[in-house]
Amino acid sequence: MSTGVFDFRGKAFIVTGGRSGIGERVVERLLEAGASVASIDIAAVPEVDQGERLDLACDVTSESAVNEAVEDVTARFGGIDGVVQSAGIAEDAVLWKMTDKAWSDVLDVNLKGAFHVLRAVVPVLRERGGGSIVNIASINGLRGKFGQANYAASKAGLIGLTKTAARELGAFHVRVNAIAPGLVRTPMIAALPRYFVDEAVEQAILDRVTEPDDVADAVLFLLSDMARQITGETLRVDAGQYI
């Protein structure tokens, strides 16, 4: 049953990275709003079907795994109305200490993985007659970040991919937007040294740390018809860190 402002009854969505952090909260909020949701995550147990929630184990860096997952979701729900790309990793180091593996691992998940999902879902959305895609980027893709050359590059690339996809898919009534969070209270952030968190809080204009719910609210807005004239945009949800 739908609750709150958003009503997604009769709609079906894919959320990558749906087993933790922002992705997990987006899955929960979409279910609360009446949607059918497929969570695609490398950490998911294979093929868990819980009513309107489907959990699929999938490595987004694998083209074949993504294609298979999208086919499974389409068959299960009879189509797809939107996608939220929240799968992402970080392996931080300054440039002169960053390994080729750390560079490639982050770009493969955060950018190539997003490309794989986009390419797989576009035919389904076109057949559906439209839809909405929301990519979770980062303010560090807009401004850069000390010690995060790979992560910042991947998120900058994701923003560029978002704008290009918006141009290419607009004629098919598919909207593509990005959200650029700042520091968000997730398990990934909990693993960071304390000074990273302190620095982010000091940068913020609003006197609180952004929660997954804050980002999920923005995601649901962009997925909804309330944002039907918004595409190619990057919405910062960062408590004012960027400015």
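Just so you know, these numbers come straight off a predicted model, no measurement behind them.

## Regarding the pairing of strand E5 (residues 82-85)
Right, on to step 1. Of the two faces of E5, the one lined by Gly82 and Val84 and the one lined by Val83 and Gln85 are each fully buried.
Right, on to step 2. The pairing of E5 with strand E6 (residues 131-136) spans 4 bridges and is classified as parallel. Within E6, the residue paired with Gln85 across the bridge is Asn135.
Right, on to step 3. With helix H3 (residues 100-128) bridging E5 and its parallel neighbour E6, the resulting β-α-β unit is right-handed.

## A closer look at the nonpolar core
Right, on to step 1. If you look at the biggest cluster of nonpolar residues, it comprises 30 residues, and the most contacted ones within it are Ile14, Val70, Val73, Ile80, Val121 and Ile133.
Right, on to step 2. At the level of elements, strand E1 (12-16), strand E2 (36-41), strand E4 (53-57), helix H2 (63-77), H3, helix H5 (149-169) and strand E7 (174-181) are the ones that each hand at least two residues to this core.
Right, on to step 3. No other element matches H3, which puts 8 residues into this core.
Right, on to step 4. The residues contacting Ile14, other than those within four sequence positions of it, are Ala38, Ile40, Val70, Val73, Ile80, Gly82, Val83, Val84 and Val121.

## Regarding empty space enclosed by the protein
Right, on to step 1. Evaluation of the coordinates by the stated rule reveals 2 cavities of 30 Å³ or more.
Right, on to step 2. Approximately 50 Å³ is the volume attributed to the largest cavity.
Right, on to step 3. Contributing to the lining of the largest cavity are Thr16, Val60, Gln85, Ala87, Val109, Asn110, Gly113, Ala114 and Leu158.
Right, on to step 4. Ranked by residues supplied to the lining of the largest cavity, first place goes to H3 with 4 residues.
Right, on to step 5. Of the residues contributing to the lining of the largest cavity, the split by class is 5 nonpolar, 4 polar and no charged.
Right, on to step 6. In this structure, the second largest cavity encloses a volume near 40 Å³.
Right, on to step 7. Leu183, Ala200, Val201, Ala204, Arg208, Val209, Thr210, Asp238, Ala239 and Gln241 are the residues that line the second largest cavity.
Right, on to step 8. Residue classes in the lining of the second largest cavity are distributed as 6 nonpolar, 2 polar and 2 charged.

## Focus on the packing of aromatic side chains
Right, on to step 1. Enumeration over the complete set of coordinates arrives at 2 aromatic pairs.
Right, on to step 2. Between Phe8 and Phe13, the ring centres sit 5.3 Å apart and the planes meet at 80°, which makes this aromatic pair edge-to-face. Assigned by exposure class, Phe8 and Phe13 land together as buried.
Right, on to step 3. Each residue in the set Phe6, Phe8 and Phe13 is aromatic and connected to the rest through ring pairs, giving one cluster.
Right, on to step 4. The ring of Phe172 has Arg126 lying over it, and the distance from NZ or CZ to the ring centre is 3.8 Å.

## A closer look at the pattern of salt bridges
Right, on to step 1. For the structure on display, the rule yields 13 salt bridges.
Right, on to step 2. Where Glu63 meets Arg119, a salt bridge forms, and the shortest distance between an N and an O atom there is 3.2 Å. Residue Glu63 is located in helix H2, and its partner Arg119 is located in helix H3; the two are separated by 56 residues in the primary sequence.
Right, on to step 3. Since its relative accessible area comes to 42%, Glu63 is described here as partly exposed.
Right, on to step 4. In this structure, the salt-bridge partner of Lys112 is Asp108, at a minimum N-O distance of 3.8 Å. Of this pair, Lys112 and Asp108 both sit in helix H3, 4 residues apart, which is roughly one turn of the helix.
Right, on to step 5. Since its relative accessible area comes to 37%, Lys112 is described here as partly exposed.
Right, on to step 6. Overall, the relative accessible area of 27% leaves Asp108 in the partly exposed class.
Right, on to step 7. Three or more residues joined by partner-sharing salt bridges are found here, namely Arg25, Glu28, Arg29, Glu32, Asp213 and Asp217.

## Thoughts on the pairing of E2
Right, on to step 1. Most of E2 sits inside the fold, with 6 of its 6 residues counted as buried.
Right, on to step 2. Side chains Ser36, Ala38 and Ile40 project from E2 onto one buried face, and the interleaved Val37, Ser39 and Asp41 project onto a second face that is buried too.
Right, on to step 3. Two strands pair when backbone bridges link them, and E1 and E2 are joined in this way by 5 bridges, in the parallel orientation. Among the inter-strand pairings, Phe13 is bridged to a residue of E2, identified as Val37.
Right, on to step 4. Viewed along the sheet, the connection from E1 through helix H1 (residues 21-32) into E2 turns out right-handed.

Conventions and cut-offs
- Residues numbered from 1 in each chain as written.
- Predicted model: local features only at pLDDT ≥ 70, side-chain atom pairs only at ≥ 80, totals over all residues.
- Heavy atoms only, no water.
- Buried < 20%, exposed > 50% of the residue type's maximum accessible area, 1.4 Å probe, protein only.
- Helix = DSSP H or I, 4+ residues; strand = E, 2+ residues; numbered from the N terminus.
- Pairing = 2+ DSSP bridges.
- Right-handed = clockwise from strand over helix to strand, strands pointing away.
- Core = buried A, V, L, I, M, F, W, Y, C linked by side-chain atoms within 4.5 Å.
- Contact = heavy atoms within 4.5 Å.
- 1 Å grid on protein atoms, 1.4 Å probe; cavity = no way out; pocket = protein on both sides within 12 Å on 5 of 7 lines; lining within 4 Å.
- Points joined across faces, edges and corners; volume = space filled by probe spheres on them.
- Nonpolar A, V, L, I, M, F, W, Y, C, P; charged D, E, K, R; others polar.
- Phe/Tyr/Trp six-rings, centres within 6.5 Å; stacked < 30°, edge-to-face > 60°.
- Lys NZ or Arg CZ within 6 Å of the ring centre and 35° of its normal.
- Salt bridge = Lys/Arg side-chain N within 4 Å of Asp/Glu carboxyl O.

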